[in-house]
Amino acid sequence: MLHTTCLTTLFLSLWTTSHAFGALTVISGVSNANQWFEGAGSYTSISFTGYPYATSIAEQYASLGVHFRTNSPYGLYINGSETVAMEMYPQDNWGLIAWGTIEMNFDDAMYGVAGFHPGHVRAKFYSGDRLVYSWIGPEGSGEWFTFHGFIGDVAFDRAVFEGVLMGYPGPQFPMLTFDSLYFTNVPAPSAVLCLLGGLLTLAQRRR
């Protein structure tokens, strides 16, 4: 009976603001962010503070086991200061920005990644050269500053995020920026994923 209830709950969660496909669960919206953190348990965080404005980012976080890349000809760099509008980086006034993709390459297998950011984001996850999960999703969660978290029991060592915010220099390089990023190398047990599905369904019913 419990097994059947779990499967039903996960099926229902497909229709909420957070979705489960295959072995990854996607959690959307600031109000749902705690569900990712509770499911992740142990995780590493990057707030992008401590570096001057316009610092080019690549290997600064290698000690954490992550290496940043971008396809943007304009680079990947630290953005922020007290002059940056709070709606961009409300957590600490600092973030990571690119016009194109933000790619995270991990030394070890990961099972979850998440971030707070303005606008919408698309994501692809790879194990080596093999695509293991792709996310397009709806155009946002209804929030300008939002959250997307991915968690499950499928391993990946590369996460590629693509922005959809139009701006300079044009639509071929949409702006993408994160206030903070988080990742975990602990696989989420199926029981946790089931619980997440139940919580997300209940949260949706209360809206």
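Only a predicted model underlies this, so the values are computations on that prediction, with no experimental measurement involved.

1. Observations regarding the overall build of the protein chain
Then, in step 1: For the protein chain, the helix and strand inventory stands at 3 helices and 12 strands.
Then, in step 2: Counting every position in the protein chain, which comprises 207 residues, the buried fraction comes to 52%.
Then, in step 3: Here the contacts in the protein chain between residues at least 6 apart in sequence split such that 75% fall between residues at least 24 apart.
Then, in step 4: Total accessible area on the protein chain stands at roughly 9,700 Å², and carbon and sulfur atoms take up 58% of it.

2. Side note on the pairing of strand β6 (residues 94–99)
Then, in step 1: Of all 6 residues making up β6, 5 are buried, and the element is well covered by its neighbours.
Then, in step 2: Both strand β5 (residues 76–80) and β6 contribute to a ladder of 5 bridges, which runs antiparallel. The residue bridging Leu76 from the neighbouring strand is Ala98, located in β6.
Then, in step 3: Inspection of the sheet shows β6 paired to strand β11 (residues 175–178) by 4 bridges, in the antiparallel sense. Bridging from a neighbouring strand, Ile97 pairs with Thr177 of β11.

3. Description of unusual backbone geometry
Then, in step 1: Unlike most non-glycine residues, Ala54 shows phi in positive territory, near 75 degrees.
Then, in step 2: You can see Ala54 is positioned in the loop between β3 (44–46) and β4 (66–69).
Then, in step 3: Residue classification places Ala54 among the partly exposed positions, given a relative accessible area of 42%.

4. A short note on the side chain of Asn105
Then, in step 1: Here Asn105 is to be found in strand β7 (residues 101–118).
Then, in step 2: Reaching out from Asn105, the side chain makes a polar contact with the side chain of Glu103 at a distance of 3.1 Å.
Then, in step 3: Not counting chain neighbours up to four residues away, the residues in contact with Asn105 comprise Gly65, Val66, His67, Arg69, Asp157 and Arg158.

5. Some details on the pattern of salt bridges
Then, in step 1: In total, this model carries 3 salt bridges according to the counting rule given.
Then, in step 2: In this structure, the salt-bridge partner of Glu103 is Arg158, at a minimum N-O distance of 3.9 Å. On the criterion of sequence distance, the pair formed by Glu103 in strand β7 and Arg158 in strand β10 (residues 145–163) is long-range, its members being 55 residues apart.
Then, in step 3: The class for Arg158 is buried, based on a relative accessible area of 18%.
Then, in step 4: Its salt-bridge partner being Arg122, residue Glu162 comes within 3.8 Å of it at the nearest N-O pair. Of this pair, Glu162 sits in strand β10 while Arg122 sits in strand β8 (residues 121–127), placing them 40 residues apart in sequence.
Then, in step 5: For Glu162, a relative accessible area of 33% gives the class partly exposed.

Reading the values: rules and limits
- Residues numbered from 1 in each chain as written.
- Predicted model: local features only at pLDDT ≥ 70, side-chain atom pairs only at ≥ 80, totals over all residues.
- Heavy atoms only, no water.
- Helix = DSSP H or I, 4+ residues; strand = E, 2+ residues; numbered from the N terminus.
- Buried < 20%, exposed > 50% of the residue type's maximum accessible area, 1.4 Å probe, protein only.
- Contact = heavy atoms within 4.5 Å.
- Areas by Shrake-Rupley, 256 points an atom, 1.4 Å probe, with all protein chains shown as cover.
- Pairing = 2+ DSSP bridges.
- Polar contact = N/O pair within 3.5 Å; in protein donor to acceptor, adjacent residues only side chain to side chain.
- Salt bridge = Lys/Arg side-chain N within 4 Å of Asp/Glu carboxyl O.

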